[in-house]
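# Report on the structure
Chain by chain, the residues run as shown.
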Protein chains: 2
Amino acid sequence: MYKGVRVMARPVGDPAFEDLTARARIRDAAIRLFAERGMDGTTVRDIAQQAGVSPGLLRHHFGSKEALREACDAYALERLVKVKEEFIVDGEVANAGFLPSAHPTMLLLYKYVTRSLLDGSTGTAALFDDMVAMAEQWVGKHAPGVTGDSRAYAAVLVGMQSGLLAMHEHVSRALGVDVFTTEGYLRMAGAMADLYSHPLLDPEFVAKARRAMPPLRAPNPPTAAGTEPAAEGA
Amino acid sequence: MYKGVRVMARPVGDPAFEDLTARARIRDAAIRLFAERGMDGTTVRDIAQQAGVSPGLLRHHFGSKEALREACDAYALERLVKVKEEFIVDGEVANAGFLPSAHPTMLLLYKYVTRSLLDGSTGTAALFDDMVAMAEQWVGKHAPGVTGDSRAYAAVLVGMQSGLLAMHEHVSRALGVDVFTTEGYLRMAGAMADLYSHPLLDPEFVAKARRAMPPLRAPNPPTAAGTEPAAEGA
DNA sequence: GGGCGGACTATACGCGCGTATAGTCAGTTG
DNA sequence: CAACTGACTATACGCGCGTATAGTCCGCCC
């Protein structure tokens, strides 16, 4: 155990902490901290302290901070697809789909991947693309009222889903409960079910709005206040 | 004009660049860079260079980087409410609501605010809360099929909307067009209109899933693979 | 049992950051 | 004209970062 600075805060919920190899402890600490503060907001010294090792050991095992991130990405993705496989095995979605997500471990991985998307990881970006492709395929089969741009529909669907998690801090504040806890996640999922199963907008209203769109495509649409991104102000 | 390092890249789309006061140029450059790379990813030296002034002048006018951020927040919010007022004046929403958003200036401000939400600005966090309150009120009046948790419904709605913009990089990649351009934004809006005006999920399926939720609220739900956030792996 | 390799720590280097401060220069005011 | 003010630059300080490197300790194999 690293004694450089007295280690006070151990991952409390983690029973087998001492049993893990240092390499695994570093990776887990990194996932936790990257998920919480992002890549830039986390220092290798932070990670090392959380893992109970010296900063140098991190470099010994992973080579660099960037390489550590890639290892975390790979690990998170591997575990996620493993769960996904278990729940899609026989044909279609065996379970209700989002329910295994309510497990604390899954929630942490979701949080990590979500943050990783914002941090610009190429690995999770590829995951996003896969999900869009899957969504487009799904929409093509079970298609509800998609006007024709199924690609955009799928991209928006996946973007909203992951984006909602990206806004977890604000959604949690509005709900008074952390949406990355089982309780909060289920409450959020309930509202999402509402949103997805009942139309929110009047189709007539939408049609009218859609008719108003084409003229806006001009290079400089004739709209409200302000000329260019930089006008004088307060 | 600052000559410390030869200034090559000026904001090209900005005709009245030279006419702006240095203070305004700094603020505009900051909004642009904060929107693009976030607060942490932007240095005061970057901002100063973009604005064509010395780094010291930034401190002279704004005091600190954090104070500059707050000035940007205030400016962005002020301009946004000004536009919002113009489009809600007489009673309800006069226009189609999201259409003034298609203006380039608005898109930049949206991008800024979205990023600011992720960067933890208290000002934009308050804006988020306001929007949730407004959404809850709206949903209460024109209520579609909300089961009862209108608060969560509103929070999810606003979270998805802003979160979708937070994922703009990935959505843009999927669509092959930047969603913060007028063209891309309108395409995205079209898909959103589809999504909002037609139910995506079978209400029967949703009801079944909802019935499966309560048992999961136990502290450690009996779900898939993995024990705790940290098990040995790849 | 002697050497070899890998896990691990201590220490330091160089860089870029936000910030501080002293100084220059033009315009204004009595 | 002298004094003052405020916009602006030059320069430097200190800190914390990612990274590099030298060294220690211990189990393993011939």
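Each remark here, short or long, concerns the structure printed above.
Model, not experiment: these values are computed from the prediction.

## Some thoughts on the protein's contact with DNA strand D
Every one of the 16 residues lining DNA strand D counts as a neighbour, but Arg45, Arg59 and Lys65 of chain A together with Ser54 and His60 of chain B are closest to it. Of what DNA strand D places within 4 Å of the protein, 61% of the atoms are sugar or phosphate. Between Val44 of chain A and DNA strand D, the recorded distance is 3.0 Å, taken from a backbone N or O atom to a phosphate oxygen. Here a phosphate oxygen of DNA strand D and a side-chain polar atom of Ser54 of chain B are 2.7 Å apart. Only helix H2 (44-51) of chain A together with helix H3 (55-62) of chain B provide two or more residues apiece to the surface near DNA strand D. Partitioning the surface near DNA strand D into residue classes produces five nonpolar, seven polar and four charged.

## Here's the deal with the pattern of salt bridges
The final tally for this structure, using the stated rule, is 20 salt bridges over all chains. Two residues, Arg27 of chain A and Asp28 of chain A, come together in a salt bridge whose shortest N-O distance is 2.7 Å. Considered together, Arg27 of chain A and Asp28 of chain A belong to a single accessibility category, that of buried residues. In this structure, Glu136 of chain B and Arg151 of chain B form a salt bridge, with 3.0 Å as the shortest nitrogen-oxygen distance. In this pair, Glu136 of chain B is assigned in helix H6 (residues 122-141) and Arg151 of chain B in helix H7 (residues 150-166), connecting sequence segments 15 residues apart. Given a relative accessible area of 24%, Glu136 of chain B falls into the partly exposed group. A relative accessible area of 28% places Arg151 of chain B in the partly exposed class.

## Remarks on the protein's contact with DNA strand C
Surrounding DNA strand C, one finds 16 residues, the nearest of these being Ser54 of chain A together with Thr43, Arg45, Arg59 and Lys65 of chain B. Here, DNA strand C places atoms within 4 Å of the protein, and 63% of those atoms are sugar or phosphate. One of the side-chain N or O atoms of His61 of chain A is found 3.0 Å from a phosphate oxygen in DNA strand C. With respect to DNA strand C, the backbone of Val44 of chain B contributes an N or O atom lying 3.0 Å from a phosphate oxygen. Of all the secondary structure elements, the ones that give two or more residues to the surface near DNA strand C are helix H3 (55-62) of chain A together with helix H2 (44-51) of chain B. Residue composition of the surface near DNA strand C, grouped by class: five nonpolar, seven polar and four charged.

## Remarks on helix H5 (residues 104-119) of chain B
Taking 1.5 Å per residue, 16 residues should reach 22 Å; H5 of chain B reaches 22 Å between its end C-alpha atoms and fits that length. Gly120 of chain B occupies a position one or two residues after H5 of chain B and carries a positive phi of about 85°.

Rules used in this analysis
- Residues numbered from 1 in each chain as written.
- Chains lettered and ligands numbered in written order.
- Predicted model: local features only at pLDDT ≥ 70, side-chain atom pairs only at ≥ 80, totals over all residues.
- Heavy atoms only, no water.
- Near = heavy atom within 4 Å.
- Polar contact = N/O pair within 3.5 Å; in protein donor to acceptor, adjacent residues only side chain to side chain.
- Helix = DSSP H or I, 4+ residues; strand = E, 2+ residues; numbered from the N terminus.
- Nonpolar A, V, L, I, M, F, W, Y, C, P; charged D, E, K, R; others polar.
- Salt bridge = Lys/Arg side-chain N within 4 Å of Asp/Glu carboxyl O.
- Buried < 20%, exposed > 50% of the residue type's maximum accessible area, 1.4 Å probe, protein only.
- Expected span 1.5 Å × (residues − 1).

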